[in-house]
Amino acid sequence: MTLALYNTMTRNKESFKPLRTDRVLMHSCGPSVHDVPHIGTHRRFVLADMIMRYLELKGFTVVHEINIIDMADNSVKGATRARMDVEHYTRQYIEAFLKDMAILNVSEDIHYPRASRHVEAMIDLAQKLVEKGYAYEKLHSVYFDISRLDNYGSLSNIDLSRVRHRKTVDQDDYEKDSPVDFTLFKRATLEELKQGIFYKTRWGNVRPSWHLECAAVAWKNLGDTYDIHLSGSDIIFPHCENVMAIGTAACESNPARFWLNAELVMRDGKKMSRSLSNTFTIEELAAKGYTGREIRYFLLSSHYRKPLNFSFAALDTAANTVKRLDNFIQRLIKYVPGPGTGGEIDQLIYDLKQGFMISMDDDLNVSGALATVFAFVKTVNLAISEHRPDEREQRAILDVMRTIDDVLGVMNFKEQHLDKDIELLLEERDRARNRKDWKESDRIRDELSKRGIMIQDTPEGTVWTSRK
RNA sequence: GGCGGCAUAGCCAAGGGGCUAAGGCAGCGGUCUGCAAAACCGUUAUUCCCCGGUUCGAAUCCGGGUGCCGCCUCCA
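Here goes a summary of the coordinates provided. (Residues numbered from 1 in each chain as written. Chains lettered and ligands numbered in written order. Predicted model: local features only at pLDDT ≥ 70, side-chain atom pairs only at ≥ 80, totals over all residues. Heavy atoms only, no water.)

1. Some details on the packing of aromatic side chains
A ring pair, where both rings are aromatic, is described by two values, the distance of the centres and the angle of the planes.
Reasoning step 1: The tally for this structure, following the rule as stated, stands at 15 aromatic pairs.
Reasoning step 2: Summarising the aromatic geometry, the rings of Phe-16 and Phe-60 are spaced 6.2 Å apart at their centres and angled 85° between planes, so their arrangement reads as edge-to-face. One end of the pair, Phe-16, is in the loop between β2 (12-15) and β3 (23-28); the other, Phe-60, is in the loop between α1 (39-57) and β4 (61-66), with 44 residues separating them in the sequence.
Reasoning step 3: Taking 5.2 Å as the distance between ring centres and 80° as the angle between the ring planes, the aromatic pair formed by Phe-45 and Phe-97 counts as edge-to-face. With Phe-45 in helix α1 and Phe-97 in helix α3 (residues 86-103), the pair connects residues that are 52 residues apart, well separated along the chain. No difference in accessibility class separates Phe-45 from Phe-97, as the two residues are buried.
Reasoning step 4: What links up through ring pairs into an aromatic cluster is the set Phe-280, Tyr-290, Phe-298, Phe-310 and Phe-312.
Reasoning step 5: The aromatic ring of Tyr-304 is capped on one face by Arg-305, whose charged end is 6.0 Å from the ring centroid.
Reasoning step 6: Geometry around Trp-464 places Lys-334 over its ring, the cationic atom sitting 4.2 Å from the centre. (Phe/Tyr/Trp six-rings, centres within 6.5 Å; stacked < 30°, edge-to-face > 60°. Helix = DSSP H or I, 4+ residues; strand = E, 2+ residues; numbered from the N terminus. Buried < 20%, exposed > 50% of the residue type's maximum accessible area, 1.4 Å probe, protein only. Lys NZ or Arg CZ within 6 Å of the ring centre and 35° of its normal.)

As structure tokens, then:
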């Protein structure tokens, strides 16, 4: 079974084959670090993580980097405003970002190269472009001459002669030959020179652009050509287009074979973004009681090429759905084996694996894959209610769920440990129930619920689940 | 104005020429339970934004509308 991915480049689903049969090189456009990150941008990182996990399930070794843009205008401006050096200023947001990634259960195998550590590669790349005539220096800034590149615009399908560039933001600050040319290195301002925020190059004292940073990080770490470039649909133009232009011009081939672009998180019909002040951070959602797994499920559970509407109702739905999976897993862990189903469970497991992979292979159709998972959960729940699976089957069910979760990353297989005081409450409640003191046992149940422990009394004793 | 995309139940969301239009959430009725919870069973779209066309057959293909979103600017 091969994975088909929608390639923005060709506007078609294509079957995915990496350059080297056993290894996938993957670059995801990372965050710029100048503020606390929000879930609008996290969607594509969670997606990036899921793609990596799915490729690993399919047997590939994946080298995956999410670059950190720690020297863009925002970071410099923010640092100046905060009267901090850029390094110091960005560090706090890098840490916040990495903390969010951990909360969202993003794989620890992902690399997070920082743009500021790749300045030499940027200079090398720009030098190559100048030598080849794709870039020019003007008044100590370096620009990419897009008229030199025949296929410029082919990723975003843009026709530059029809584009409105009257508002091109850097029109005032720059002296480009053509307003559509984009900046590779920008002459440092007086203020930046004073603060030492610049790099000495043959062209002058400069700072790199976002596009060059992204292109150089990927080029340095992954080489001239890599397999997947993942980004957001909102930055196909100009960012991805420009990254592609830099790579294509410098190395004479498209830097990425698959260009993937995740759709956005919306809030009340508008893109969730800082400029609209409609963002939510992980911390804010955590304060309202939502867990990383719940947020991850929300971000992951619908197709990545469709906009995702954020609402608390939608988050609650995600939370309830995760709870359903938790109940299933905890019930399985605590299940006391029965006589066996004579192959029925094995068949269900086979169907689940097949169904899951068929959906995921179709451009990561998570909704379809989840439908298969829930169909499985339902049938197995029934078998468990009837007390039929034996120990081997019980283990096999848990194993297949783990395999699924190696991709999804939203389940909890820990046999949860209890705090001592909660354990005591459970014992106390057992005693109360034994003497049929319902008032006391209900009081304890409420108390436990307040602490996030949900109780289910089964014929085999009390089963509990924790939300965390 | 240019380019790209979306519209399926109360909400979310798959499917994409003919099989009962997946699945999740919420609701309702039941089984179980001391009561709950969880789980299970049943139930909730004769119909897929509208109008035409192609076809034996359209939610699915084609044409035309309508509404919404993204990018071309900050955000990323």
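2. With respect to the packing of helix α11 (residues 344-361) against helix α13 (residues 391-408)
Reasoning step 1: Contact pair α11 / α13: the axes reach a minimum separation of 10 Å and the direction vectors enclose 10°. In terms of orientation, α11 lies roughly parallel with respect to α13. Contacts between α11 and α13 involve Ile-345, Asp-346, Ile-349, Leu-352, Lys-353, Phe-356 and Met-360 from the first element and Arg-392, Glu-393, Ala-396, Ile-397, Val-400, Ile-404, Val-407 and Leu-408 from the second.
Reasoning step 2: Classifying every residue of the contact of α11 with α13 by side-chain character gives 11 nonpolar, no polar and four charged. (Axes fitted to C-alpha atoms, helices over the stretch in contact; angles between N-to-C directions. Parallel < 35°, antiparallel > 145°, perpendicular 65-115°, else oblique. Contact = heavy atoms within 4.5 Å. Nonpolar A, V, L, I, M, F, W, Y, C, P; charged D, E, K, R; others polar.)

3. Some thoughts on the sheet that holds β4
Reasoning step 1: Taking strand neighbours across the sheet as the criterion, the four strands line up as β4-β3-β10-β11 in an open arrangement whose pairing is parallel. Each edge of the open sheet is held by one strand with a lone partner, namely β4 and β11 (256-262). Put simply, the sheet's adjacent strands are angled 20° from each other on average, direction ignored.
Reasoning step 2: Pairing analysis gives six bridges linking strand β10 (residues 226-232) to β11, with the strands arranged parallel. Along β11, the bridge assignment pairs Ile-228 with Phe-258.
Reasoning step 3: Along the sheet, helix α6 (residues 210-222) contacts β3, β4 and β10; its crossing angle with β3, the most-contacted strand, is approximately 160°. (Pairing = 2+ DSSP bridges.)

4. Thoughts on the side chain of Arg-44
Reasoning step 1: By the element assignment, Arg-44 lies in helix α1.
Reasoning step 2: Among buried charged residues, Arg-44 stands out as having no salt bridge; its nearest opposite-charge side chain is Asp-234, 5.0 Å away.
Reasoning step 3: Here Gly-30 takes part through its backbone oxygen, which lies 3.3 Å from a polar atom of the side chain of Arg-44.
Reasoning step 4: In contact with Arg-44, other than residues within four places in its own chain, are Cys-29, Gly-30, Leu-230, Ser-231, Gly-232, Ile-235 and Ala-262. (Lys, Arg positive; Asp, Glu negative; His and termini not counted. Salt bridge = Lys/Arg side-chain N within 4 Å of Asp/Glu carboxyl O. Polar contact = N/O pair within 3.5 Å; in protein donor to acceptor, adjacent residues only side chain to side chain.)

5. Quick word on the sheet that holds strand β13 (residues 270-271)
Reasoning step 1: In space, the three strands of this open sheet follow the order β13-β12-β14, with mixed pairing throughout. Either end of the sheet is taken by a strand with one partner, and the two such strands are β13 and β14 (308-310).
Reasoning step 2: Two elements, strand β12 (residues 265-267) and β13, share two bridges in a ladder whose sense is antiparallel. Of the residues in β13, the one forming a bridge with Arg-267 is Lys-270.

6. Regarding the pairing of β10
Reasoning step 1: The element β10 is largely enclosed, with a buried count of seven among its seven residues.
Reasoning step 2: Inspection of the sheet shows β3 paired to β10 by three bridges, in the parallel sense. Looking across to β10, one finds that His-27 is bridged to His-229.
Reasoning step 3: Considered for its hand, the β-α-β crossover made up of β10, helix α7 (residues 236-251) and β11 is right-handed. (Right-handed = clockwise from strand over helix to strand, strands pointing away.)

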